[in-house]
Amino acid sequence: MQGEWAGETVGPDVWETCRELIPAGSVFAFLAEHREVLFPAGMFADMYPSSNGRPSLPPQVLAATVVLQSLHGLSDFEVVQELRCDLRWKAACGLGLHDTAFDPSLLTYFRRRLRNSADPTRIFTTVKEVVAATGVLKGKHRRALDSTVLDDAVATQDTVTQIISAIRRVIREVPGGQETAASWCTAHDYTDPGKPRIAWDDETARAALVDALVTDALNLLGHLPEQELGDKAANAVGLLALVAGQDVEPAEDSDGRDGRWRIAKRTAPDRTVSTVDPDARHIHKNRTRHQDGFKGHVSFEPETGLFTAVALTGGYGSDNHEAAVAAGLLADEEEGTELTVLGDSAYGSGELREHLQDQGHTLVIKPPPIRTAVPGGFTIDDFHLDLTAGTATCPAGHTANLGQVKADGARTAQFKRLCTGCPLRERCTTSKTGRTVNVHPQHELLTAARAQAATDVAWQDEYRRWRPPVERAIAWLVAKGNRRVPHRGVIANSIWLHHRAAALNLRRLINLGLTRTSTTWHLTPATP
């Protein structure tokens, strides 16, 4: 059942007796004074539906603790040490001078209750309501979008480690798994916590081990008792099937039916990098920076320095691309508000442009660069396209017909024999069969965007003035070790990211002069 604040502390009330020692204008002082108003008891009532049992620690205390934890990037153990020893933390969370706080596991239970509730990001939502109440965003219609890679909290595993770990998980989680493994799995002693004892510098020995481990995995999957599996068991079986196949292929002289395997000479596109956190992925933010983890996405108001929305997604797949996530970041904006949306070329897709323009927004989004087949050669912008007539005319004056509209709306013009003997061919294509022009479904939007970015001085000034502040916001977000997420999985880390953004927004509001009079939040800027 939900615990209630009784107003009694263990020892003297730190806020009452040591107020002058708590830095004025800090998040600590603000929470000490307004914690009960910011996080009222009723805000968490749905998380504690039972009226029986031992009362929990008041959720207001835990909510304030989570905000401070997210702000300072501390572990659960470190947080409890701060609550025991630091007057600022005691005052902010309402603990008495002699209070030894609580066991760190309470924070885990609180996050679990949040995750399973109807509104897992309610702390971020509450701070957004404070932002709305102050009116600080009134008339501020710019939203800068950006993303960053967040490192996962686990170690990246090689193929051997993943298969062994997944087999152990099936043995542990699936009824009958231990007996099946004892009968069919012979490549390794799966009760041994170490790696197999082989000559790891011997390529033949490594190949034989991989072959044997994959055979063990397939034998285990194929001989498990037929039964209805629970969530944990089903996840274990699915994970083993995934890791047993993602990094291997039939042996060189095998047709794939004789059960002989080797490490594949390619990387699976959506490769799982760890069985400890199956949601983590290998991410290429650019050609030189490769990380394992997740993508964090933000919508940021650059004048006030406030996050208006955040999201955490997996690191691979079109659904997790910046342009696909952007619409969701802007979905909670007040209906009818016409925004100026700023973003780099990752947000320059034709689909997103079309969607945002249909919503009435102004786009200051950098268009993606056009790649040329020949360095310095002709691009699609050098061709004259008549979409109504269905023709494409090249720089040399040759005209080809656009093909039928494909399922995705794209069209293609093939010049083929028209390129034969053309004096401009060396500047146009390296293909032996001639130039092919692929026309994007939103070709006109993209062409107009490229022209505007290249020639419109007002557009360029707007981008240079208001796009860079979101880089500062990302720096705030990942500061103090917060580049590495603290939990496993997309859901848990998404809640953490919302808590982190809520804490940063609260600190920013306090710096802007956040106060409360009667029942109203408002900003009172400090006088010089």
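Structure: see above.
Presented here is a report on the structure given in the accompanying data block. Just so we're clear, the structure is a prediction, and the values are computed from it rather than from any experiment.

Okay, the sheet that holds strand β10 (residues 391–393) next. With antiparallel pairing, the 3 strands of this open sheet are ordered in space as β9-β10-β11. Each edge of the open sheet carries a strand with a single partner, namely β9 (384–386) and β11 (399–401). Across the sheet, the axes of successive neighbouring strands diverge by a mean angle of 20 degrees, strand direction being ignored. Where β9 and β10 come together, 3 bridges link them in antiparallel fashion. Bridge assignment links Leu385 to a residue of β10, and that residue is Ala392.

As paired elements, strand β7 (residues 340–343) and strand β8 (residues 362–365) share 4 bridges and run parallel to each other. Residue pairing in the sheet places Thr340 in a bridge with Thr362 of β8. Tracing the backbone out of β7, into helix α13 (residues 350–358) and back to the parallel element β8 gives a crossover that is right-handed.

With that settled, the discussion passes to unusual backbone geometry. Even without a glycine there, the phi angle at Ala101 is positive, about 65 degrees. Here Ala101 is to be found in the loop between α5 (87–93) and α6 (105–115). You will see that Lys480, though not glycine, has its phi angle at about 60 degrees, which is positive. For Lys480, the location among the structural elements is in the loop between α16 (469–478) and α17 (490–511).

What follows concerns the nonpolar core. Judged by nonpolar contacts, the single largest core of 77 residues is most densely connected at Leu31, Phe39, Phe110, Phe307 and Leu506. Once residues within four sequence positions are removed from consideration, Leu31 is found in contact with Leu38, Phe39, Ala64, Val67, Leu68, Ala92 and Leu506. Counting residues in hydrophobic clusters, the runner-up holds 26 residues, among them Ile163, Ile167, Val170 and Ala233.

This part takes up the pattern of salt bridges. Pairing of side chains with opposite charge becomes possible as their charged atoms draw close. Tallied over the full model, the rule gives 19 salt bridges. Between Arg19 and Glu16 there is a salt bridge, and its shortest N-O distance comes to 3.6 Å. Here Glu16 falls in the exposed class, since its relative accessible area comes to 55%. Between Arg467 and Asp146 there is a salt bridge; the shortest N-O distance is 3.7 Å. Remark: Asp146 occurs in strand β1 (residues 142–151) and Arg467 occurs in the loop between α15 (457–466) and α16; sequence separation between them is 321 residues. Note on Arg467: relative accessible area 6%, which makes it buried. On the accessibility criterion, Asp146 (4% relative accessible area) is buried. Connected via shared salt-bridge partners are Asp146, Asp344, Arg467 and Glu471.

Below, the discussion takes up a negative patch on the surface. Negative charge collects at one region of the surface, where Glu351, Glu354, Asp358 and Asp408 lie side by side. Here Glu354 is to be found in helix α13.

Reading the values: the criteria
Residues numbered from 1 in each chain as written. Predicted model: local features only at pLDDT ≥ 70, side-chain atom pairs only at ≥ 80, totals over all residues. Heavy atoms only, no water. Pairing = 2+ DSSP bridges. Helix = DSSP H or I, 4+ residues; strand = E, 2+ residues; numbered from the N terminus. Axes fitted to C-alpha atoms, helices over the stretch in contact; angles between N-to-C directions. Right-handed = clockwise from strand over helix to strand, strands pointing away. Core = buried A, V, L, I, M, F, W, Y, C linked by side-chain atoms within 4.5 Å. Buried < 20%, exposed > 50% of the residue type's maximum accessible area, 1.4 Å probe, protein only. Contact = heavy atoms within 4.5 Å. Salt bridge = Lys/Arg side-chain N within 4 Å of Asp/Glu carboxyl O. Patch = residues over 30% accessible without salt bridge, like charges linked within 9 Å, V, L, I, M, F, W, Y side chains within 5 Å. Areas by Shrake-Rupley, 256 points an atom, 1.4 Å probe, with all protein chains shown as cover. Lys, Arg positive; Asp, Glu negative; His and termini not counted. Charge placed at Lys NZ, Arg CZ, Asp CG, Glu CD.

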